[in-house]
Amino acid sequence: MRQYKVVLVDDEITIREGFKRLFDWAAHGCEVVGEAADGVAAINIVDTLHPDIVIMDINMPLMNGLEVIQILKRKYPKTAFVIVSGYDDFEYCREALRLKIVDYILKMK
């Protein structure tokens, strides 16, 4: 069975750690291969690891998640992007849909 490579991108380490611990990645054929805490680091790690799935926050330092996805979608059109955000803002959702992300999940605070 093929293992899908996953990269987690969020400026909050507790969120990244929570994703790693709370979800049984292996049971779903996935492996978390990397993580990043800001948009620039996200681009670098995706360029290096070529993941199948990127789970990304929107509001991060240096470059927001939507900007990162816009850049990476051009380079890696087959990569699936999922946004996990604390912002229930229609404009963010509209932009995410325009970028053809797989899903937009709201964080509960």
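Our structure is the block above this text.
Structural notes, computed from the coordinates. (Residues numbered from 1 in each chain as written. Predicted model: local features only at pLDDT ≥ 70, side-chain atom pairs only at ≥ 80, totals over all residues. Heavy atoms only, no water.)

Description of the nonpolar core
Next, step 1: Val9, Met56, Val68, Ile69, Leu72, Ile83 and Ile101 are the most contacted members of the largest nonpolar core, which has 23 residues in total.
Next, step 2: Residue assignment for this core shows that the elements contributing at least two residues are strand S1 (4-9), helix H2 (39-49), strand S3 (53-56), helix H3 (65-75) and strand S4 (80-85).
Next, step 3: When sequence neighbours within four positions are dropped, the list of residues in contact with Ile101 reads Ile69, Phe81, Ile83 and Ala96.
Next, step 4: One finds Leu8, Ile55, Val82 and Val84 within the second-largest nonpolar core, a separate group that totals seven residues. (Core = buried A, V, L, I, M, F, W, Y, C linked by side-chain atoms within 4.5 Å. Buried < 20%, exposed > 50% of the residue type's maximum accessible area, 1.4 Å probe, protein only. Helix = DSSP H or I, 4+ residues; strand = E, 2+ residues; numbered from the N terminus. Contact = heavy atoms within 4.5 Å.)

What about empty space enclosed by the protein?
Next, step 1: What the rule picks out here adds up to one cavity of 30 Å³ or more.
Next, step 2: By volume, the largest cavity amounts to about 50 Å³.
Next, step 3: If you trace the largest cavity, you find it lined by Leu8, Val9, Asp10, Ile15, Arg16, Phe19, Ile55, Met56, Asp57 and Val84.
Next, step 4: Of all the secondary structure elements, the ones that give two or more residues to the lining of the largest cavity are S1, helix H1 (13-22) and S3.
Next, step 5: The residue inventory of the lining of the largest cavity, partitioned by class, reads seven nonpolar, no polar and three charged. (1 Å grid on protein atoms, 1.4 Å probe; cavity = no way out; pocket = protein on both sides within 12 Å on 5 of 7 lines; lining within 4 Å. Points joined across faces, edges and corners; volume = space filled by probe spheres on them. Nonpolar A, V, L, I, M, F, W, Y, C, P; charged D, E, K, R; others polar.)

Details of unusual backbone geometry
Next, step 1: Phi is positive for Leu62, close to 70 degrees, though the residue is something other than glycine.
Next, step 2: Here Leu62 is to be found in the loop between S3 and H3.
Next, step 3: Exposure remark for Leu62: the relative accessible area of 67% places this residue in the exposed category.
Next, step 4: Of note, the phi angle at Lys100 is positive, near 60 degrees, even though the residue is not glycine.
Next, step 5: Turning to its location among the elements, Lys100 is positioned in the loop between helix H4 (90-98) and strand S5 (103-106).

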